[in-house]
Amino acid sequence: MLEYYIGMTKGAGSLAIVSVKDLTFTYPGNSEPTLAHISLDLPAGEWITIIGPNGSGKSTLARLIDGLLPINSGEIYVDNIPVKEENLHAIHQRIGFVFQNPDNQFVGTTVADDVAFGLENHQVSHEDMPFRIKQALNDVDMVPYAKKEPAYLSGGQKQRVAIAGALSLRPKVLIFDEATSMLDPEGRQKVLKLLAHLKVKKGFTILAISHDPSEAVLGDKVILLDHSHLVAYGPTNQIMGDSELLMKHRLGLPFTTQLKEQLQENGITVPKEYQSEEQMMTWLNQQLSSKK
Amino acid sequence: MNSKVFFGLYVPTNSILHRLDPRMKIIACFWYVVIVFLANNVLTNVLLGLFLLFLIWLSKVSLKMYWQGIKPLMWVILLTAAVQLFFSTGGQPIWQWHFLNITSLGIIQSIYLIFRFAFIITISTVLTVTTTTLQLAAGIESLLKPLSYLKVPVSQLAMMLSIALRFIPTIMDEIQTIMDAQRARGMDFSAGNLFQRAKRLVPVMIPLFVSSFKRADDLALAMEARGYQPGAPRTAYRQLRWHMNDNWAFLTYVVLTVALIVLRQI
Ligand SMILES: Nc1ncnc2c1ncn2[C@@H]1O[C@H](COP(=O)(O)OP(=O)(O)OP(=O)(O)O)[C@@H](O)[C@H]1O
Ligand SMILES: [Mg+2]
C-alpha cells in the first residue's frame, strides 16, 4: 500500500517530536478499523499536512495523537512521552489543537476569558495569567479585542483566538483539523500566514489536516491517508506534483499540477516535481523563449 | 441580535454601585427582599422607599429604566392587590356584595402589597442594571462555594452556567437563520392561532436540536483538548475582590435593618 515513505531513520527518535508506531484503531461498534498499522514520525519544526478523501481517518489520527481517543493497539509518543491516560495532562499541554468550527470551540464569554480557559485548567497562577494572555493575543494580533464577546468577532478572528488559547499553554506541536475550511478567503489567508509565521519564527511543529490542495502545498511534508492506510508520506513537492497518485486517491490537484497534467496530455514534457506558481511561470518563460 | 432580553438591563454608568462586589450586591438584594416583609406600618415603608430612592440615585441610571422593570408586571401587581382588597376580612366593613367585601384593613393591606411588589422588583432591577451577567454568575458561584463541602459540584454547575450564557447569543443567531430559511420557503410564522403557530415552530426546533448536540460534542472535545477535566482543581482568571466600599455597604445595611426594627415598634 505504501507508495513512498521518506521517514526518519528508525530509532533515532530525538528529532521526532511525534512518533506513531504500528497504530491500529477501531471505533467501538465498528467492524473495520479506521486506522490500520500506521507508523510515522513527525520531525520537529516542520509543517506537515495530512490529506485524504472523506472518512479516510485523518481526524481520527489527529485525535489519537492528542490522546482524545483511547489507543487500541500500537504506541504514540509526543515529545518522548507515551500518550496514555496518566500522561494526558502533559500531552494536552504540549499539543495545541484547533478544530474546524470557530464557534464550537470558543468557551469563554470574552476573548481574554477564552484564552484564560486553558491556563485555568493547567493551573497557571492568577498573577501570571494577564501576561500570558496578552502575549498569546499579541502573537495572533488580537490584543485590541481582548474584552470583546465572541458575537462581535468574525470566523477568522475566532480561529485566531483559538490559536492564542493554544499558544498560551506554550505547546510544541499545533494541530489544525480543517481549521480554515469555514472561513472566508480573507480570514483564511490571515490564518495561513500566521501558521507560516509560527513555524518559521517560533519553531512550532505544525500538523494540518486539509481538503484544499492549495493549502497542502504550503507545508514541508505531506501525509496521504486513504481507506485507513498510510498511502504516502514525503516532501510536499514530490507528493503534490504527482497527479497520478493524487487522482488515484480521489484528491484535488493543485493549480500548477493541473496545468502540467494538461500540458502533458498535449505531448509536452513537464518536470515531475510540484512547482509553485512562480516556479511554473519561470519554467514556462524558459520553454517559450527556447522555442523561438 | 436580540440579546437584551437575556442579558437583563445592564446599564454601564460605572457608578459606585457598579463597582461593588457582586457578592455584596446579591446578599444586599436578598436581604432587602427579606426585610420588606418586616415593614408593617407607614414609617417602615417610607424608610424602605427612601432607601430605594437613594440607591436609584447612586446607580446614576434614569428612573425610566426602573419603570420599565415594573411595567410588564403591572397587571400582576394590580390583580393581586385587587384580590387582597376584595377578599380580606377584618377592620371596618365599608362595602359588601355577595362574597365580595371591602374593609378598611383590606384597603391598607392592598396598598402595602403594591408597595412590597414595587420595592422587590425595583431592588432586583438595581442589581441587574449595575451588575453584568458574568459578574452575577461569578458572585453566585462564590456564594455557593460552601456547598461543595456537601459534595455539590459547584464549580461544574458554574461552568455549565457560564457556557450557557456564552452560547445564548450564538443559538439566538442560529434560530434567526433557520427561521429566515423557512420564511424563504414561504413559511409565515405570524399567521394563525396559537396552536398553528406553535406547530410551525417544529421545523425550527428540530434542526436547532440537531445542531446543538453537534455543538455540545465539539465543545466537549475542544474543552478536553485544552486540559479541562470535570472536578479537577483549576485556578481562576476572574477573582472577586472585596473592597472598602463593600464594608461600607454592609454597614449601611446593618443600620437600615436596625432602623427598621426600631420603627416597627412605633
Ligand atoms: N465516533 C465515531 N464512531 C464510529 N465511527 C466513527 C466515529 N467518528 C468517525 N467514525 C468513522 O471513522 C472513519 C474516519 O473518520 P474521520 O473523521 O477520522 O475521517 P476524516 O478523514 O477526518 O474525514 P473528513 O475528511 O470527512 O473529516 C469514518 O468512516 C467515520 O464514519
Ligand atoms: Mg475530519
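Model, not experiment: these values are computed from the prediction.

## Some remarks on unusual backbone geometry
Right, on to step 1. With phi around 50 degrees, Asp79(A) is a residue other than glycine that occupies positive phi space.
Right, on to step 2. Residue position: Asp79(A) is located in the loop between β5 (73-78) and β6 (81-82).

## Describing the packing of helix α1 (residues 22-36) of chain B against helix α5 (residues 104-130) of chain B
Packed helices, taken two at a time, are described by the angle between their axes plus the distance between the axes.
Residue and element names in this part refer to chain B.
Right, on to step 1. Between α1 and α5, whose axes approach to 10 Å, the crossing angle comes to 175 degrees. Here α5 runs roughly antiparallel to α1, going by the angle between their axes. Contact residues: Lys25, Ile26, Cys29, Tyr32, Val33 and Val36 in α1; Arg116, Phe119, Ile120, Ile123, Ser124, Leu127 and Thr130 in α5.
Right, on to step 2. In terms of residue class, the contact of α1 with α5 is built from nine nonpolar, two polar and two charged.

## Here we look at the packing of helix α2 (residues 42-59) of chain B against α5(B)
Residue and element names in this part refer to chain B.
Right, on to step 1. As a packed pair, α2 and α5 sit with axes 11 Å apart at the nearest point and diverge in direction by 20 degrees. When the axes of α2 and α5 are compared, the pair comes out roughly parallel. As α2 runs across α5, the sense of the crossing is left-handed. Counted together, Val42, Asn45, Leu48, Gly49, Leu52, Leu55, Ile56 and Ser59 of α2 and Tyr112, Phe115, Phe119, Thr122, Ile123 and Thr130 of α5 form the full contact between these two elements.
Right, on to step 2. Of the residues in the contact of α2 with α5, the class split is nine nonpolar, five polar and no charged.

## Concerning the UniProt feature "transmembrane region" (unreviewed entry) in chain B
Residue and element names in this part refer to chain B.
Right, on to step 1. Annotation from UniProt places "transmembrane region" (unreviewed entry) at residues 30-58, 70-87, 107-129 and 247-263.
Right, on to step 2. The annotated region residues 30-58 carries 83% helix and 0% strand content, and the separation between its end C-alpha atoms amounts to 19 Å.
Right, on to step 3. Along residues 107-129 the backbone is 100% helical and 0% strand, and the end-to-end C-alpha distance reaches 33 Å.

## Looking at helix α10 (residues 244-265) of chain B
Residues and elements named next belong to chain B.
Right, on to step 1. The terminal C-alpha atoms of α10, which comprises 22 residues, lie 33 Å apart, in line with the 32 Å expected from a rise of 1.5 Å per residue.
Right, on to step 2. Taken residue by residue, α10 has Asp246, Ala249, Tyr253, Leu256, Thr257, Leu260 and Leu263 as its buried positions. Along the axis of α10, the buried residues cluster in a sector spanning 135 degrees; they form a single face. Exposed residues pointing more than 90 degrees away from the buried face of α10 are listed as Met244, Val255 and Gln265.
Right, on to step 3. Check the buried side of α10 and you find it contacts α1, α2 and α5.

## A word on the interface of chain A and chain B
Right, on to step 1. Contact with chain A, which involves 38 residues of that partner, is made by 29 residues of chain B.
Right, on to step 2. Interface area, chain A with chain B, both sides summed: about 2800 Å², of which 55% is carbon and sulfur.
Right, on to step 3. When the buried area of chain A at its contact with chain B is split by residue, Asn104(A), Val107(A) and His126(A) rank highest and sum to 23% of it.
Right, on to step 4. The interface formed by chain A and chain B includes four salt bridges.
Right, on to step 5. Taking the shortest distance from any N to any O, the salt bridge between Glu120(A) and Arg234(B) comes out at 3.0 Å.
Right, on to step 6. Across the contact surface, chain A and chain B share 16 residue pairs in polar contact (both at pLDDT 80 or more).
Right, on to step 7. Contributing elements (two or more residues each) for the side of chain A that touches chain B: α2 (88-94), α3 (111-121) and α4 (129-139) of chain A.

Calculation criteria
Residues numbered from 1 in each chain as written. Chains lettered and ligands numbered in written order. Predicted model: local features only at pLDDT ≥ 70, side-chain atom pairs only at ≥ 80, totals over all residues. Heavy atoms only, no water. Helix = DSSP H or I, 4+ residues; strand = E, 2+ residues; numbered from the N terminus. Axes fitted to C-alpha atoms, helices over the stretch in contact; angles between N-to-C directions. Parallel < 35°, antiparallel > 145°, perpendicular 65-115°, else oblique. Contact = heavy atoms within 4.5 Å. Nonpolar A, V, L, I, M, F, W, Y, C, P; charged D, E, K, R; others polar. Left-handed = near helix turned anticlockwise from the far one by under 90°. UniProt positions renumbered as here; feature names shortened; annotations may be inferred. Expected span 1.5 Å × (residues − 1). Buried < 20%, exposed > 50% of the residue type's maximum accessible area, 1.4 Å probe, protein only. Arc of directions from axis to C-beta. Buried area = accessible area lost by both parts, 1.4 Å probe. Salt bridge = Lys/Arg side-chain N within 4 Å of Asp/Glu carboxyl O. Polar contact = N/O pair within 3.5 Å; in protein donor to acceptor, adjacent residues only side chain to side chain.

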